[in-house]
Amino acid sequence: MPATPAWPPASLPRLYVEERLSDGQLLTLEGPKANYLSAVLRLTSGALVKLFDDATGEWLAEITDATKKRVTARVDRHLRPREAAPDLWLLFAPIKRGRIDWIAEKATELGVAKVVPVITQRTIIDRLNSERLFAHMIEAAEQCERTALPELGEPQKLPTLIKTWPEERMLLFADESGGEPMLQALTRGPAAILIGPEGGFTQEERAAIRALASAKPVSLGPRILRADTAAVAAIALWMSAAGDWCEHAAR
Ligand code: SAH
């Protein structure tokens, strides 16, 4: 054990808060957050927590009062600035509940900057609950020491997405029917990965995406993957070849 243990300890509870944090600020937490801190973790006045706001970074705060319904805390010390997220978007067609939540969670852990649900011809639209999806992203960021949350974009229909595509952003279109091997297709710069639904893309959709100048059809190997596996595999490849995994040395 080191002579001077790291302070504050890494194991302190971490919470995302919507309001912007600043030094000395008195903060009131209500609803599920208050319940979690006071009833689940049984924290009382004097306990320390880490808070982050997706804008100023992470702060150390001390609880000054705690009831089940209401917890007040004083923001005491700035611990870390908000991290820079690599410029990668994940576009995916909504799939089954548990699996879509898993995609949102893993995309957050892996560090994408933006997540956008895309409605394709074979997408079953009533599966999408953006609020629940965002809650999973927050939970992943809280657990994994993230100080930035991916933006959750409004669901977009595929034709609209194609029509309004920002030219400078490479659209890596994961095409199970064949494409350039993903690793070979990657270059540095803003990018997005597009993953289809369980039923895949229609021929018409494939042709429309391929017609876009910034689109590159990519292959994730000879085996068909489920959409959630394809999303995570593609993000990991991009991060290691074109994102910040290449620059990161041991802590
Ligand atoms: N078309 C198949 C399965 C679709 S898999 C079917 O009809 O059952 C869901 C999505 O994952 C695909 O649309 C594609 O975006 C991605 N995907 C799966 N395996 C892939 C592979 N080997 N290469 C590239 N993309 C893949």
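Residues numbered from 1 in each chain as written. Predicted model: local features only at pLDDT ≥ 70, side-chain atom pairs only at ≥ 80, totals over all residues. Heavy atoms only, no water.

### Topic: unusual backbone geometry
Stage number 1. In this model, R42 sits at a positive phi of 55 degrees, which is unusual for a non-glycine residue.
Stage number 2. If you trace the backbone, R42 turns up in the loop between helix 1 (31–40) and strand 3 (48–52).
Stage number 3. Phi at E145 is positive, roughly 65 degrees, even though this residue is not glycine.
Stage number 4. Positionally, E145 belongs in the loop between helix 3 (130–143) and strand 8 (151–152). (Helix = DSSP H or I, 4+ residues; strand = E, 2+ residues; numbered from the N terminus.)

### A look at the pattern of salt bridges
Stage number 1. If you walk through the whole model with that rule in mind, you get 18 salt bridges.
Stage number 2. Where D101 meets R132, a salt bridge forms, and the shortest distance between an N and an O atom there is 3.1 Å. You can see D101 sitting in helix 2 (residues 97–110) and its partner R132 sitting in helix 3, a full 31 residues away along the chain.
Stage number 3. Assessed through its relative accessible area of 8%, D101 is described here as buried.
Stage number 4. With its nearest N and O atoms 3.9 Å apart, the salt bridge here joins E151 to K114. You can see E151 sitting in strand 8 and its partner K114 sitting in strand 7 (residues 114–119), a full 37 residues away along the chain.
Stage number 5. The network of salt bridges with common partners includes R14, E58, R80 and E145. (Salt bridge = Lys/Arg side-chain N within 4 Å of Asp/Glu carboxyl O. Buried < 20%, exposed > 50% of the residue type's maximum accessible area, 1.4 Å probe, protein only.)

### Quick notes on the side chain of T123
Stage number 1. If you trace the backbone, T123 turns up in the loop between strand 7 and helix 3.
Stage number 2. In this structure T123 comes out as buried when scored by relative accessible area, which is 9%.
Stage number 3. Within the structure, T123 has its side chain in polar contact with the side chain of T120 (distance 2.6 Å).
Stage number 4. Not counting residues within four places of it along the chain, the set of residues in contact with T123 comprises A93, P94, V118 and P197. (Polar contact = N/O pair within 3.5 Å; in protein donor to acceptor, adjacent residues only side chain to side chain. Contact = heavy atoms within 4.5 Å.)

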